[in-house]
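Examination of the molecular architecture
One-letter residues, chain by chain:
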Amino acid sequence: MQQAQMLQGRSQAGLDLFAKIPWGTHICGFYKKKSDLANIAVRYFKTGLERNEYCLWVVAEPISVDEAERILEESIDCFDTYRRKGQIEILSSEDWYIKGGNFKSESVLKAWLDRLNWALGVGYKGARVSGNMTWVEKEYFKTLMDYEAEIEKKIGNYKLTALCTYQLEPYGIHQIMEIINNHQLSFFNGEYRFDGLNRYASMNLVGKMAASIAHEIRNPMTTVRGFLQLLQSNEELQNYNSYFSLMIDELDQADATISDFVSLARGEKPVVVEKNY
């Protein structure tokens with residue numbers, strides 16, 4: 001998202017993997033346990049409060065509004081002072097995302113910007129927000145991804161940092177890839193964080209992602225190869241047969257490279273083939 005670079009100044013994420021980030025950054029954090037989510041929120045909001053940023057945390061299971069306040073109060077010095085002067089708010093997903101029982105992405109986007117405009121108007125450097133997405137039912141996943149994609153397109157214009165947190169367990173690999181695709185930066189926290197994984201679990205997750213990517217690449221390649229073979233069989237195009245053969249060979253080589261990539265990502269031993277030239 002190039003527009004994010006156009007804004008003056010940077011913020012600090014307060015997260016292990018990211019130091020300084022440009023305003024207009026859209027981040028996704030995956031977690032497994034409640035304690036993982038709490039750990040993410042404490043570091044993220046502590047940094048924002050100390051940097052004179054307005055903070056808003058929209059919570060859902062497994063953390064309630066009362067629990068969120070207790071977690072931050074126990075971990076952040078002078079938290080009660082920040083809260084009393086309105087620098088940080090904690091709301092439930094029912095009060096933010098699904099007012100009246102319906103999720104309306106346009107209304108939610110407008111609400112984020114209204115909070116940002118208020119924050120800038122009273123002298124804060126910008127806004128730092130986070131929403132936990134466990135409130136989303138499976139049938140609304142597509143609607144949520146459309147919403148995330150819209151944020152990704154627009155956030156670069158504003159002095160706003162957004163962190164969306166997803167509990168990893170309910171999602172399949174294709175859904176995880178779609179979530180990652182709709183965010184500028186992504187990370188895993190807790191048991192699934194790459195630097196804390198044992199080798200098998202880490203390679204298993206990477207292998208699944210690699211296989212998913214390979215599948216998406218191979219589909220159009222197979223279509224192109226089929227059309228080239230069709231053109232090869234056309235008598236009127238026999239003069240170009242050598243070109244078609246070359247392109248098919250290159251596609252086959254690319255397919256072999258993809259297979260090697262998937263094997264390495266899965267931790268499989270590479271197959272060494274000796275060739276005489």
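Predicted model, so just to flag it, every value in this text is computed and none were measured. (Residues numbered from 1 in each chain as written. Predicted model: local features only at pLDDT ≥ 70, side-chain atom pairs only at ≥ 80, totals over all residues. Heavy atoms only, no water.)

This next bit is on the pairing of strand E4 (residues 54-59). Taken across its six residues, E4 has six buried, putting it largely inside the fold. In this sheet, strand E5 (residues 88-92) lies alongside E4 in parallel orientation, the contact comprising five bridges. Following the sheet pairing, Leu-56 is matched in E5 by Glu-89. (Buried < 20%, exposed > 50% of the residue type's maximum accessible area, 1.4 Å probe, protein only. Helix = DSSP H or I, 4+ residues; strand = E, 2+ residues; numbered from the N terminus. Pairing = 2+ DSSP bridges.)

Chain-level pLDDT for the protein chain is 84 on average; 81% of the residues reach the 70-or-more range. Counting interchain partners and residues more than four positions distant, the pLDDT-below-50 stretch residues 1-8 has 22 contacts. Predicted confidence is poor over residues 269-277, with pLDDT under 50, and the contacts of this stretch with residues over four places away or in other chains come to zero contacts. (pLDDT = per-residue confidence, 0-100. Contact = heavy atoms within 4.5 Å.)

Judged by pairing direction, the sheet is parallel, and its six strands sit side by side in the order E5-E4-E6-E7-E3-E8 without closing on themselves. Edge positions in the sheet fall to E5 and strand E8 (185-188), since each of these pairs with one other strand and no more. The sheet shows a mean angle of 15° between the axes of neighbouring strands, direction not considered. (Axes fitted to C-alpha atoms, helices over the stretch in contact; angles between N-to-C directions.)

With respect to the helices, strands and loops of the structure, Thr-25 is situated in strand E3 (residues 25-31). Not counting residues within four places of it along the chain, the set of residues in contact with Thr-25 comprises Ile-155, Leu-160, Thr-161, Ala-162, Gln-184 and Leu-185.

Time to look at helix H6 (residues 141-154). Since there are 3.6 residues in each turn of an α-helix, residues three or four apart along the chain are aligned in direction. The end-to-end C-alpha distance of H6 is 20 Å, a good match for the 20 Å that 14 residues give at a rise of 1.5 Å each. Looking at H6, one finds that the buried residues are Phe-141, Leu-144, Met-145, Tyr-147, Glu-148, Ile-151 and Glu-152. Down the axis of H6, the smallest arc covering the buried residues is 160°, so these residues share one side. Of the exposed residues in H6, those oriented more than 90 degrees away from the buried face are Lys-142 and Lys-153. (Expected span 1.5 Å × (residues − 1). Arc of directions from axis to C-beta.)

Applying the stated rule across the entire model yields 16 aromatic pairs. Seen in terms of ring centroids, Phe-30 and Tyr-166 are 6.2 Å apart; in terms of plane orientation they differ by 40°. Their pairing is tilted. Of this pair, Phe-30 sits in strand E3 while Tyr-166 sits in strand E7 (residues 160-167), and the two are 136 residues apart along the sequence. Pairing Phe-141 with Tyr-171 gives two aromatic rings, centres 5.8 Å apart and planes at 45°, and the pair type is tilted. Highlighted residues: Phe-141 in helix H6 and Tyr-171 in the loop between E7 and helix H7 (173-181), separated in sequence by 30 residues. When its relative accessible area of 8% is taken as the criterion, Phe-141 is described as buried. Classification of Tyr-171 by relative accessible area gives buried; the value is 16%. Each member of the aromatic cluster is reached from another via a ring pair, and the members are Trp-96, Tyr-97, Phe-103, Trp-112, Trp-135 and Tyr-147. It is Arg-128 that lies over the ring of Tyr-44; its NZ or CZ is 4.8 Å from the centre. (Phe/Tyr/Trp six-rings, centres within 6.5 Å; stacked < 30°, edge-to-face > 60°. Lys NZ or Arg CZ within 6 Å of the ring centre and 35° of its normal.)

Ranked by size, the top nonpolar core spans 37 residues in total, and within it Trp-96, Tyr-97, Trp-112, Tyr-147 and Tyr-166 carry the most contacts. With six residues, the top contributor of residues to this core is helix H5 (residues 105-121). (Core = buried A, V, L, I, M, F, W, Y, C linked by side-chain atoms within 4.5 Å.)

In the segment running from Glu-61 into Pro-62, the intervening peptide bond is cis, with an omega of 15°. With a phi close to 60°, Asn-52 is a non-glycine residue in the positive phi region. Take Asn-52: it is sitting in the loop between helix H1 (34-50) and E4. If you check the backbone angles, Cys-78 has positive phi at about 60° while not being a glycine.

This brings us to the state of the cysteines. Under the criterion given, the structure shown has zero disulfides. For Cys-164, which is in no disulfide, the shortest distance to another cysteine sulfur is to Cys-28 and amounts to 6.8 Å. Here Cys-164 falls in the buried class, since its relative accessible area comes to 5%. (Disulfide = S-S within 2.5 Å.)

It is the contact of H5 with H6, at a shortest axis distance of 10 Å, that shows an interaxial angle of 35°. Crossing of H5 over H6 shows right-handed handedness. Contacts between H5 and H6 pair Ser-105, Val-108, Leu-109 and Trp-112 from the former with Tyr-147, Glu-150 and Ile-151 from the latter. Across the contact of H5 with H6, the residue classes break down as five nonpolar, one polar and one charged. (Left-handed = near helix turned anticlockwise from the far one by under 90°. Nonpolar A, V, L, I, M, F, W, Y, C, P; charged D, E, K, R; others polar.)

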